[in-house]
Amino acid sequence: MTDHVFNDWMDAPTDSGGPTTEEAAIIADYVSSLDLGVYKLPNLLIDMGHYLNQDSDLITVARAFSIFPLILERMGTEFSRQETHSLVEYFCARLENKDDVLNYRAGIYEVASSLHVLIKWKCFIPSDAGIVAMAVFGLANRSTFNDQRPTTRVKLYEVIDLLFKKYQAPLIRDVKVTPLILGLVSMAELEKNPSCLGILFPLYTHIGRNWQGYPLGDSDYDAIWESFIRYFPVTLGGAPQDPSIPSKELIKELLLQCVLSSHHYAKGAVPRFIDMLDTNTDLSANLKIEVLSTLAACVNSYPVPTIAEWSSKIWDALKFEIWNGENEDFIQGALEVLRATAASLGRSQDTWSTQTPMTEFAVAAATECKSRFHDSKKLYLVSSGRILHAIASGSSYAFHLVAKTVLPAMHVMWQDLKLPSEKKMLLTVYNHILDARLAQPQDDPQRDLLVRSFEGFRDGIVEVYFDAVSNIQQESSSSDLPFGVPAVEGLVLLFQIPSYLSAVEQGMIVQELNTILFSPPQDNDIRNAVLLSLQKISAMEPETFHEITLTNFIEKLPDTLSHSGVELKANLEIIAGHLQDLVEIACSRPCQRQLRNGTPINTASSYWHRNFDAMENKLLEKLDVVLQEKGQQEYANMILAAVCGGLQVFDANLNSTRINSSEPSPLNPKIGPYSYIVKALFQKVVQQKRSTSATYIGIKESFDEKFVQMIGRTAMWALRSDLTTPANSMLLNWNTLHPDQPSVIWTLFIPGLKDESLNDPQQNLQKGPADKCLANVLSVYLLAGHRLSEPSTEAPLRIEPAKVASSMIRNAISSESGSSRFSRMCMLWFLQLLVSKYRAASQPYTASNFDATLHQPLQVMAFEVEICATKSDQEIKNTYQTLAYFTAASIASFDHSMEPLVNMMIKALSDPKYGRRVGQSFRILLAKSEIMDKLNFCKIRALRFQKVVSLVVIPLQGAYASPMTSRMEKDNIVIALAGVLAYMEPELVADAFGFSSIMLEGCDSSDDFTKETFIHLLQVLIPLCPKDAESHLDTVIRLMTDRTHNTYDSPSDASVRCRAKALDVLMRLTEHLPVAGLLQRRARLMPELDLALDDCSRDVRVKAQVAKMKWLRLGTVI
């Protein structure tokens, strides 16, 4: 016995989300009792009987039955076969309702759910499947089915779906095929619910694919076809955001699978879709595209005999859609149907016999296209070429038939054509034919036949393209060469056909392309096509690049250039063009295969690098030759720029190539792929020197800082490449191979140095000399590009970050180094790298107490600021600039030194002589840096802006408000605030700073950057703080008109940019402030806007006109 009586279930509270706690307890009690056998199924039916009699209302009956599926699906022990059979018969009797009992109409969902569980049980008798199916079908026959809620119909469909798939054989044996089909179709007769169709359509698909061996007659297929095709085009479906209901796209796909499930539907599908494409049918664009895509899917799926029956009708229906079509989507859809037709007809083509369905289709279409060539070349030539491409791409036999039919006539036509425009169209058709040849799979069993067939047309095709290319050269000065681009594109297609061209012909093509490229003036389209072609050819056939293209380009680079100004400029422009073209050809695509003659000596990288490596080596050799001549620095810079730019372009393209391709392994994983470039460049400019006090590494006298900077950037790009790893890093490997030498950061790849003391003098630049300071530039870029290992450590580089950072502070402050402005900037970058990347201020230098004090960056900086009074004017300026760069790095990395450093800067604002300069240096704190960047693996915190608010903005606001602050200090504070607020997001500025009086004062600052910054902030804050802007409206208008007031007698103190931004502010007021207040001030503003209309700057005048119109339209309804 159970602990509950059935009345407990009837009285228990319900919840649409599932069984409540009380319901779950009752269900568990019944399940346990039934599993243990202490409570039997008849007992349950007897207990329910009181609620199932004829006097019970429908709601009560449904509630009583609702416990059944919940119990059945939770039971661990199934009923006996006899009990299950009895229960099934009882449920089916309720569904059949032969005596039309009223309360039998209730609980249909619960009965269906119970049957769905029972059918899954092992004790379910297969012969009962027919009884259940006919009971469900009976609901449809009496129209009871259509009256049910969607959830009930879904459950009934699930019952039928389970029966048809699990008990297919017994169903067909007991009920027969036709009654089953008619019963299912009757259920779907009025169905419009997406959830129901989501079950029905897959069931139709199952019948079409898996009932082929059963006796389905034409009438059965027709009944199913008529049942589902009426939903095409699909308009039903749930919202995309509701996953519980099948979407419209899913219903479309399920319906398509129905259409494709059996070839018996072809007789209905193909003519129906063809009729829908009739020009007299009014179809929407989306529907027409859907019809074409569905027809293509049918052609791809139906067997060859079926497609052969309809192929001619498909061709007749679609050819004019392509010839006369104007919508590209329709044309593409029609072409895809033709391609699918050819592919389907070619599936069973084991031999190339003369009379096959393929022959009839392909030859008929190709012959008709050939006749169209002569009807109107302008209208039909290119479109016919697209048709030929679609058909020929379908299979190798289709390609053979198309080529045999049209190519001889095309060769003759080429000889007769005179107009360049007609030649372009015919070459486009040739290109379509070649592209179709490339579309044939490499593993095609008929490949040998295809090769022999197409070989017969080789001479004629090659002659056509060579003739076209020779015409390009003869008329290179003409801008009317429309056939140039397709001719060049066709040469690349010829190249891609395996073993089609001889090595001599390949060489001739590449030479012709080179000649076109070197023959100015050129049409831009042709030039771009030639460059793209040489890129593809060089990647496919690297020998042609090494032996022809690269050789030709290097020959175009002279050893020396004339010193004459005009002639030098002209020559440099030509050389720059050649170098840019060479980089595009060699670096835009990785090489696709290894060289046939083997790998070059001393090569470490994979074959992807072959063309790039060859170009770099040749340019390095040419650079050596140029550097031997005097007065060729500008020419050398240009070659070096190509070396550097080529590396950057190639590495970037490798990153994009890796997305779709697997990179081959390097030949030597211990050598970086770009190491040879960096070392070769360093050896050209670096040498060991000796001063009066010590040996040092410096830059050779003949090189300027621009040349050195490009070498440094090349090293940085090479080191931070994804190809550089700890195993192949040139820095780490050099230090490992030379353990007795100073760090490579100081030796700069000069071998043979044994003097460990070089570590100290090389980083001490306070007394120069200038060439040593310039060599430090290379050290900076090496350190910037170096990828930190995890956990980060500087030990393999053999440098002491804290010690070097302290040295860089002193170097940057010194006024006796003789360094250039750029060299000194690199000292500051060096300091920033050490702080933000190598934690120089967080990891103290470990040495003797006295020595350690000298090399703690924070203490060194504090000391230098403290003794400013004893320094020269230049050194004081350098000190505060160094402090700003140090502080910027500390803030970026959230180093513990940032607070004392910021305090030093804030304190320095009160300096009467240098406070203004210190205020301007606050711009450095958040400005983007070329070197201190995430790309160089520096720690750049995302919350640094918020940190600056707490460290800088809030304290400066407090200092500004203090009555102890002088006017001069307040001016400096305003300048400092502008320096940091300029780089913050408007929302952060609004929260942290708001529409304060400081901002308004900043709009009147004597510092141009400050003035422009605060005017810009006004513009962006007005939408965020409209009430604050309204309260300061008069002040804002006055400040802005003071800036825009620019007359001969009273010139403005603002730059053109400031005046333009001030007008932007005035316009923004009209967009976000109440009209009433603006109208009161309009009369006073109009004269100022009229003055701005006469401003000397066109940009200001244009904005003044717009601003005036906005103010005049205030209060008008548009």
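Rules used throughout
- Residues numbered from 1 in each chain as written.
- Predicted model: local features only at pLDDT ≥ 70, side-chain atom pairs only at ≥ 80, totals over all residues.
- Heavy atoms only, no water.
- Core = buried A, V, L, I, M, F, W, Y, C linked by side-chain atoms within 4.5 Å.
- Buried < 20%, exposed > 50% of the residue type's maximum accessible area, 1.4 Å probe, protein only.
- Contact = heavy atoms within 4.5 Å.
- Pairing = 2+ DSSP bridges.
- Helix = DSSP H or I, 4+ residues; strand = E, 2+ residues; numbered from the N terminus.
- Polar contact = N/O pair within 3.5 Å; in protein donor to acceptor, adjacent residues only side chain to side chain.
- Phe/Tyr/Trp six-rings, centres within 6.5 Å; stacked < 30°, edge-to-face > 60°.
- Lys NZ or Arg CZ within 6 Å of the ring centre and 35° of its normal.
- Expected span 1.5 Å × (residues − 1).
- Salt bridge = Lys/Arg side-chain N within 4 Å of Asp/Glu carboxyl O.
- pLDDT = per-residue confidence, 0-100.

*Asks:* Account for the nonpolar core, naming residues and giving values.
*Replies:* By size, the foremost hydrophobic cluster in this structure holds 388 residues, and its most contacted members are Phe-228 and Met-984. Discounting residues that sit within four places of it in the chain, Phe-228 has contacts with Phe-201, Tyr-204, Leu-255, Cys-258, Val-259 and Tyr-265.

*Asks:* Help me get a handle on the pairing of strand β1 (residues 686-690), residues and values and all.
*Replies:* The pairing of β1 with strand β2 (residues 695-699) spans five bridges and is classified as antiparallel. Across the sheet, the residue bridging to Arg-690 is Thr-695, located in β2. Linkage of β1 to β2, two consecutive antiparallel strands, is achieved through a turn of four residues.

*Asks:* Account for the side chain of Asp-1095, with residues named and values stated.
*Replies:* Take Asp-1095: it is sitting in the loop between α54 (1075-1092) and α55 (1098-1112). Engagement of the side chain of Asp-1095 in a polar contact is seen with the side chain of Asn-1046, the distance being 3.3 Å. In this structure, Asp-1095 is in contact with Thr-1044, Asn-1046, Arg-1059, Val-1100 and Arg-1101, ignoring residues within four places of it in sequence.

*Asks:* Report on the side chain of Ser-729, specifying residues and quantitative values.
*Replies:* By the element assignment, Ser-729 lies in the loop between α34 (705-719) and α35 (730-737). Ignoring sequence-local partners within four residues, the contact set of Ser-729 consists of Leu-719, Thr-724 and His-786.

*Asks:* Could you give an account of the packing of aromatic side chains, naming the residues involved and the relevant values?
*Replies:* Going through the model one piece at a time under the given rule, you end up with 30 aromatic pairs. Consider the rings of Phe-79 and Trp-121, whose centres lie 5.5 Å apart with planes at 75°: the pair is edge-to-face. Within this pair, whereas Phe-79 is found in the loop between α5 (67-72) and α6 (81-96), its partner Trp-121 is found in the loop between α7 (108-120) and α8 (128-141), the two being separated by 42 residues in sequence. Judged by relative accessible area, which is 9%, Phe-79 ranks as buried. On the basis of relative accessibility, which here comes to 8%, the residue Trp-121 falls in the buried class. Taking the centre distance of 6.2 Å and the plane angle of 75° together, the rings of Trp-323 and Tyr-380 count as edge-to-face. Residue Trp-323 is located in helix α18 (residues 304-323), and its partner Tyr-380 is located in helix α21 (residues 377-392); the two are separated by 57 residues in the primary sequence. Overall, Tyr-380 belongs to the buried group, its relative accessible area being 14%. Positioned above the aromatic ring of Phe-483, the side-chain terminus of Lys-423 is 5.7 Å from the ring centre.

*Asks:* Now, about helix α20 (residues 357-375): what can you tell me, with residues and values included?
*Replies:* Because each turn of an α-helix spans 3.6 residues, side chains separated by three or four positions end up pointing in the same direction. Between its first and last C-alpha, α20 extends 27 Å over 19 residues, near the 27 Å set by a 1.5 Å rise per residue. For α20, every residue scored as buried is listed here: Met-358, Thr-359, Phe-361, Ala-362, Ala-365, Ala-366, Cys-369, Arg-372 and Phe-373.

*Asks:* Which residues make up the pattern of salt bridges, and what values go with them?
*Replies:* Under the defined criterion, the tally for this structure stands at 47 salt bridges. Measuring nitrogen to oxygen at the nearest pair gives 3.1 Å for the salt bridge that ties Arg-339 to Glu-336. Of this pair, Arg-339 and Glu-336 are both found in helix α19 (residues 328-345), three residues apart, which corresponds to roughly one turn of the helix. Given a relative accessible area of 25%, Arg-339 falls into the partly exposed group. Between Arg-596 and Glu-543 there is a salt bridge, and its shortest N-O distance comes to 3.5 Å. Pair noted here: Arg-596 is in the loop between α30 (565-587) and α31 (610-627) and Glu-543 is in helix α29 (residues 542-555), with a separation of 53 residues, a long-range link. You can call Arg-596 exposed: its relative accessible area is 59%. Residues joined in a network through salt bridges with shared partners are Glu-455, Arg-458, Asp-459 and Glu-505.

*Asks:* Before we move on, could you go through the environment of Tyr-781 and cite the residues and values that matter?
*Replies:* Along the chain, Tyr-781 turns up in helix α38 (residues 770-785). Note on Tyr-781: relative accessible area 0%, which makes it buried. Spatially, the C-alpha atoms of Tyr-781 and Gln-709 are 8.6 Å apart, while their sequence positions differ by 72 residues. In this structure Tyr-781 touches Gln-709, Gly-712, Arg-713, Met-716, Phe-822, Trp-829, Glu-930 and Ile-931, once residues within four positions along its chain are discounted.

*Asks:* Describe in detail unusual backbone geometry, supporting the description with residues and values.
*Replies:* A cis amide bond links Phe-232 with the next residue in sequence, Pro-233, at an omega value of -5°. Residue position: Pro-233 is located in the loop between α14 (218-229) and α15 (248-260). Put simply, Gly-768 and Pro-769 share a cis peptide bond, and its omega is 0°. Mapped onto the elements, Pro-769 comes out in the loop between α37 (759-763) and α38. Located in the positive-phi region is Ser-499, a residue other than glycine, with phi close to 60°. With respect to the secondary-structure elements, Ser-499 resides in the loop between α26 (484-496) and α27 (503-517). One non-glycine residue, Phe-749, lies in the positive phi region at around 70°.

*Asks:* Could you give an account of the confidence of the model for the protein chain, naming the residues involved and the relevant values?
*Replies:* Across the protein chain, the average pLDDT comes to 87, with 95% of residues at 70 or higher. For the protein chain, the element scoring lowest by mean pLDDT is helix α41 (residues 849-854), at 54; helix α43 (residues 873-892) scores highest, at 96.

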